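Report on the structure
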Amino acid sequence: MKKFQLLPVGSRADRFLYHHLASPLFSHRVILSMLGPLILDSFFINLIGVLTTSMISASSQESVSAVSLVNPVTNLVMALMSAIAAGGTVIVAQYKGHGDNQKVIKAAGQTLLATTLTAVAVGLVLIVFADPVVHMMFGQADELVLHKAREYMIGSCISLMLHSVYAGVFGVFRGVGATKICLRLTIIVNAAYLLASVLFLNVLKLDIVGTALSLNIARFIGAASALWLLVKPNGILPVTFRQIFCLDRGMMKSIFRMGIPFSVEQLFFNGGAILVQMYMVTLGTVAVAANAVASSAFGLLYSAGSAVSTLAITVVGQCVGSNNRDLARWYGRKMLLLGTAVSLLSIAILYPMMPLILQMYSPQPETLGLISQLVLIGVIGMPFFWPMSNIMPNVLRSAGDANYSTVVSLITMWALRVGAGYLFAVVLGLGISSVWFCMVGEWAVRTVAFWLRFRGKKWLEKKVID
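First things first, this report covers the structure right here in the doc.

Each value, and the rule that gives it
Going along each chain's sequence as written, the residues are numbered from 1 onward. With pLDDT at 70 or above as the cut-off, local features in this predicted model cover only qualifying residues; side-chain atom pairs require 80 or more to be listed or tallied, and sums for whole chains, interfaces and linings still use all residues. Hydrogens and water molecules were not included; the side-chain quantities draw on all heavy atoms of the structure. Candidate patch residues must exceed 30% relative accessible area and have no salt bridge, after which like charges are joined if within 9 Å and Val, Leu, Ile, Met, Phe, Trp or Tyr side chains if within 5 Å. Note on areas: these come from Shrake-Rupley sampling with a 1.4 Å probe, and a residue is covered only by the protein chains present in the view. Salt bridges are defined by distance alone: a side-chain nitrogen of Lys or Arg within 4 Å of a carboxyl oxygen of Asp or Glu. Under the DSSP-based scheme used, a helix requires at least four consecutive residues in state H or I and a strand at least two consecutive residues in state E, with every element numbered from the N terminus. Points on a 1 Å grid over protein atoms alone make up a cavity when a 1.4 Å probe fits among them but cannot get out, and a pocket when they form an open set with protein on both sides within 12 Å along at least five of seven lines; lining residues each have an atom within 4 Å of a point. Grid points are joined across faces, edges and corners, and a volume is the space filled by probe spheres set on the points. The classification used treats Ala, Val, Leu, Ile, Met, Phe, Trp, Tyr, Cys and Pro as nonpolar, Asp, Glu, Lys and Arg as charged, and all other residues, Gly among them, as polar. Summary of the burial criterion: residues with accessible area below 20% of their type's maximum are buried, those above 50% are exposed, and those between are partly exposed, where the area comes from a 1.4 Å probe applied to protein chains only. As used throughout, the charge tally considers Lys and Arg to be positive and Asp and Glu to be negative, leaving His and the chain termini uncounted. Contact criterion: two residues are considered in contact whenever any of their non-hydrogen atoms come within 4.5 Å of each other. As used here, the arc belongs to the directions running from the helix axis to the C-beta atoms. Interaxial angles span 0 to 180 degrees and are taken between N-to-C directions of axes, which are lines fitted to C-alpha atoms, for helices over the stretch in contact. For classification purposes, angles smaller than 35 degrees are called roughly parallel, those larger than 145 roughly antiparallel, those between 65 and 115 roughly perpendicular, and all remaining angles oblique.

Describing a nonpolar patch on the surface
A contiguous nonpolar patch, built from V198, L199, V203, L204, L206, V209 and L213 and spanning about 520 Å² of accessible area, is present on the exposed surface. At the level of elements, α7 (179-203) and α8 (207-231) are the ones that each hand at least two residues to the nonpolar patch. Counting residues per element, the nonpolar patch draws most heavily on α7, which supplies three residues. Tracing the backbone shows L199 in helix α7.

Rendered as structure tokens:
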């Protein structure tokens, strides 16, 4: 029986992709085999986010407001450990391209150690000071919202310590291009999160406590599964516990040299997001809830583009590791074009379904129109500015050019989304929609800055591995 092929050999589509994606280092089919699981991975994460946010919304508007207020804070912890994991991804990818498998395994163990230590250190501080942090930052919110926010922060920070194991292993597998394993892990942890959310939110009606319990159960399962896949003897990377817990100063220095600039970027980026949430509180619970739902729904639209951004680290990083700078630049352009194409396709497929998607959140009548307006603002700017502003930074980082991406991201975030957003939304009284316009403006400025850097040569002159 003839085997069915989604992309038949010799077809017009096959020849087109061969011409635009194939190289001596990667065939076009290898690129697609890595991209497919990444797209499903990113889409699945965002879809589960939509479903669980809709469950929280159904509990009460105060609950979804509490979660949306705390998320930038807990996202800060997640961003820090993800930044360290991304630094490990670059090191692993470059050693993979260099053909040094022993260094790949060593870098894998040290990436996991660095990611876990980062999350535990920051998470413990937030747990101890949860109550003063919530009142200091969101003191103008309703008392019920503040109470739920404190409970959610404590539960979420505990879960992030478990999630750090998952994030570290995830970064390692992405570095070697094992995206199918990443997809399996994503399905495991998010399916567990969805099932636990149904139990604790819909059946047992535990509200915000149920959300925190769901996170902890799912992330424990994810951490255990990820660690087993990394250390099992016949695995793709047979890392031993000794290689994880035995500190290698040289390797750790390389990981942090890549991860720290990104960590600083994420620290200030999420710090800016926290300030945005702080001044959003003054706009009222309706504005906070509308922003939370719109952000969750909009995540579905850029999930495929995020997958290409992740793929860029693996592909360009391995090109740099093999010392083929011209090929790294060539694939940088291809990742940008690929990201633009999948973003347009996502909009074409998903945006017409947005009214149905938004109904899943059971929004209050006064918030539905505002939510739709916010999503539309993002959709209009996305095809023009989102791919370059979000994919190109990973292209630059994969070659070791981390500082430039960090500086540009911080300046644009604080000048536009934080500064201009506050001016228009609060001072001039233009409301939450103006914050989203400022976000699109931020993408536009980043697009120009990253394109100018990519056209030059400095980003390819960095040295990351020996």
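Things to note about empty space enclosed by the protein
Counted under the stated rule, the structure contains two cavities of 30 Å³ or more. If you add up the space inside the second largest cavity, you get close to 70 Å³. Lining the second largest cavity are A86, G87, V90, M258, F262, I313, N394, R397 and A402. Residue contributions to the lining of the second largest cavity peak at three residues, all from helix α3 (residues 61-98). Its residues assigned to classes, the lining of the second largest cavity shows six nonpolar, two polar and one charged.

Concerning the side chain of R446
With respect to the element layout, R446 can be found in helix α17 (residues 432-455). One buried charged residue, R446, remains without a salt bridge, the closest side chain of opposite sign being E442 at 4.5 Å. When residues no more than four places from it in sequence are discounted, the contact partners of R446 are S389, N390, P393, V408, S409 and T412.

What about the layout of surface pockets?
Of the volumes computed, that of the second largest pocket is approximately 190 Å³. Taken together, I39, F43, L300, S303, A304, V342, L345, S346, I349 and L350 make up the lining of the second largest pocket. Mapped onto the lining of the second largest pocket, the elements with two or more residues apiece are α2 (28-59), α12 (303-321) and α13 (325-350). Among the elements that make up the lining of the second largest pocket, the one with the highest residue count is α13 (five residues).

Section: helix α1 (residues 12-21)
Restricting attention to buried positions, one finds in α1 the residues D14, L17 and L21. Taken around the axis of α1, the buried residues stretch over an arc of 70 degrees, which confines them to a single face. Along α1, exposed side chains directed more than 90 degrees from the buried face belong to R12, F16 and H19.

Here we look at unusual backbone geometry
Phi is positive for K205, close to 55 degrees, though the residue is something other than glycine. Looking at the element boundaries, K205 is found in the loop between α7 and α8. Even without a glycine there, the phi angle at N323 is positive, about 65 degrees. Tracing the sequence through the fold places N323 in the loop between α12 and α13. We classify N323 as exposed; its relative accessible area is 59%.

A closer look at the packing of α13 against α17
Geometrically, a packed helix pair is captured by the angle between its two axes and the distance between the axes. In the contact formed by α13 and α17, the axes pass within 11 Å of each other and the chain directions differ by 155 degrees. Considered as vectors, α13 and α17 are oriented roughly antiparallel to each other. Between α13 and α17, the residues in contact are R329, G332, R333 and L336 and W451, F454 and R455, respectively. Split into classes, the residues belonging to the contact of α13 with α17 amount to three nonpolar, one polar and three charged.

Comments concerning the pattern of salt bridges
Inspection of every chain in the model, using the stated rule, returns seven salt bridges. The shortest N-O distance in the salt bridge between D248 and K106 comes to 3.4 Å. Of this pair, D248 sits in the loop between α9 (241-245) and α10 (249-281) while K106 sits in helix α4 (residues 101-128), placing them 142 residues apart in sequence. Relative accessible area serves as the criterion here: at 21%, D248 is assigned to the partly exposed category. Assessed through its relative accessible area of 33%, K106 is described here as partly exposed. For R417, the salt bridge is made with E442, and the minimal N-O distance between the two is 2.7 Å. Here E442 lies in helix α17 and R417 lies in helix α16 (residues 402-427), a separation of 25 residues in the sequence. For R417, a relative accessible area of 17% translates into the label buried.

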